[in-house]
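Residue-level listing of the chains:
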Amino acid sequence: MSQVIAAAADLNAPPVTKTLADFVSTHPSQGWSAEVEHEAHRTFLNWLGCAIGAAQHESVTSSLAAVQEFQPAPQASILGRKERVDMGGAALINGISSHTFDFDDTHLKTVIHPAGPVASAILALGEHINTNGRQIIDAMVLGIDVECRVGNAMYPDHYHRGWHITGSTGMLGSAAACARILGLDTHKTMMALGIAASQPIGMREQFGTMTKPFHPGGAARAGQMSALLAKHGFTASLRALEAGRGYMQTVSTKNDWSEIDRDLGKSFEISLNTYKPFACGIVIHPAIDACAQLRAQGVKADEVERIELRVHPLVLELTGKKTPKTGLEGKFSVYHGCAMGLIFGQAGENEYADDIVNRPDVVALRAKVNATTDSAISEASVDVKAILRNGKEVHVFVKNAIGSIENPMSDTNLEQKFTSLAEPIIGKQKTAQLISALWNLGKAADLKQIIQLSTPN
């Protein structure tokens, strides 16, 4: 005989689904400050560069081959490639590509990578229905606000339970942004959010595999389809997000409803977006930064007896691989990150090549790194001490790594990062022209130039 177990639920939750839908459907175009507008362009530029950079990666080739099994109509483009597929397939593949190098943006308050699910969905949809650049920027700002506000309400409980929060909130951001592109009213936007709410994607168990970047791609496609279903009259619960057995209370024991409408329409979560200087999980960045600083101070790898690392417990939980064998595994190794910082002074995609991960001097230095946890240290900080063979000790404490809100990448830094990713795929001339076009995306009459420049000759 089955037993019914009743889980506690807040039956008096505010109307989150309607609040967010009304915001997305009625907020005025460019209804934010110049600073928010500029951050939106930075976000889109960073996302596009990451997607183009990984265009020839085996995960993208595999996902493209799978999508082509459906014999899709050529509705939208694959960034950094010549192939065209249906817009759902393009949303999926570009979302995968943008997260493959783990080099994309991060909303540090929630560790959501917000652009992947949203930008991937709206670029494909926008290309198909001939959207202008202003609509893309508007939809991205609003979609990111939806996914991150829901993330704010549930973090950290939802994430600690095992959900990959980028995929498990990204489908809401994607649905909201696509609903905005399609011009859906409040009711139909509620339906889009409601349909998307039944499609959270991604578990943290998949970190270190190709399925991790599938999560933002899958979320992009799910949200896009949700908005299209709503457009054509498909229905969902009016309280799909907040109901006692709705999305938020089902996937998280913590729901701070005040995070949903606090300064809604006045402050925008995209303002809190950050961009990675290193191609790996964000929690490794302080360690790489610190070891790069050791290198700048003259510390050499062959002089090191050992490196003592004090980090927040989450760092080892997420990136505790001591002996990675592949570049992908290296992205989840704080030990490898330390070696990259000290040997190369950087940790771009080239430093995560399989041959670098297995290089004897890199392996030897990794083995000298001893990491211990300290809950008093912030996730954004690290304390590093290099003990040299001659007995000398060199200490570096990083409170906020480069790329954080407190120590952000400049526009020039972002352009340099974009160039390093895009130039090998589309060439020097197109890369320079594309950067210029992306800074002016909000003024573009259509997306044709962006798509053309993102395609290899």
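Above this text you will find the structure in question.
Scope of this entry: the structure provided in the associated data block.

About the thresholds
Residues numbered from 1 in each chain as written. Predicted model: local features only at pLDDT ≥ 70, side-chain atom pairs only at ≥ 80, totals over all residues. Heavy atoms only, no water. Helix = DSSP H or I, 4+ residues; strand = E, 2+ residues; numbered from the N terminus. Buried < 20%, exposed > 50% of the residue type's maximum accessible area, 1.4 Å probe, protein only. Patch = residues over 30% accessible without salt bridge, like charges linked within 9 Å, V, L, I, M, F, W, Y side chains within 5 Å. Areas by Shrake-Rupley, 256 points an atom, 1.4 Å probe, with all protein chains shown as cover. Salt bridge = Lys/Arg side-chain N within 4 Å of Asp/Glu carboxyl O. Core = buried A, V, L, I, M, F, W, Y, C linked by side-chain atoms within 4.5 Å. Contact = heavy atoms within 4.5 Å. Axes fitted to C-alpha atoms, helices over the stretch in contact; angles between N-to-C directions. Left-handed = near helix turned anticlockwise from the far one by under 90°.

**Some thoughts on the environment of G327**
- By the secondary structure assignment, G327 is in helix α15 (residues 327-330).
- Spatially, the C-alpha atoms of G327 and V357 are 6.0 Å apart, while their sequence positions differ by 30 residues.

**Thoughts on unusual backbone geometry**
- Looking along the chain, the bond that leaves Y155 and enters P156 is cis, with omega of 5°.
- Its place among the elements puts P156 in the loop between α6 (133-154) and α7 (157-160).
- Positive phi outside glycine occurs at Q30, with the angle close to 55°.
- The class for Q30 is partly exposed, based on a relative accessible area of 40%.
- For N130, which is not glycine, the phi torsion reads 60° and is therefore positive.

**Here's the deal with a nonpolar patch on the surface**
- A cluster of nonpolar side chains, namely L108, L272 and I405, defines an oily patch on the protein surface of about 210 Å² accessible area.
- If you trace the backbone, L272 turns up in the loop between α12 (258-261) and β4 (273-274).
- Among the residues examined, L272 registers a relative accessible area of 32% and is labelled partly exposed.

**Looking at the nonpolar core**
- Grouped together as the largest cluster of nonpolar side chains are 150 residues, with contacts concentrated most on F44, L48, M140, Y247, M248 and L309.
- Once residues lying within four places of it in the same chain are set aside, the contact partners of L48 are L79, L123, F418, L434, L438, I450 and S454.

**Details of the pattern of salt bridges**
- Across all of its chains, the model carries 19 salt bridges by this definition.
- Across the salt bridge formed by D138 and R134, the nearest N and O atoms sit 3.0 Å from each other. With D138 and R134 both in helix α6 and 4 residues apart, the pair spans about one turn of that helix.
- For the salt bridge of K385 with E393, the shortest nitrogen-to-oxygen distance reads 3.9 Å.
- In the salt-bridge network here, residues are joined through shared partners; they are E37, R134 and D138.

**Things to note about the packing of helix α5 (residues 115-129) against α6**
- For the pair α5 and α6, the least separation of the axes is 9 Å and the interaxial angle reads 145°. Where α5 crosses over α6, the handedness of that crossing is right-handed. Between α5 and α6, the contacting residues are A115, P117, V118, A119, I122 and L123 on the first element and I136, A139, M140, G143, I144 and E147 on the second.

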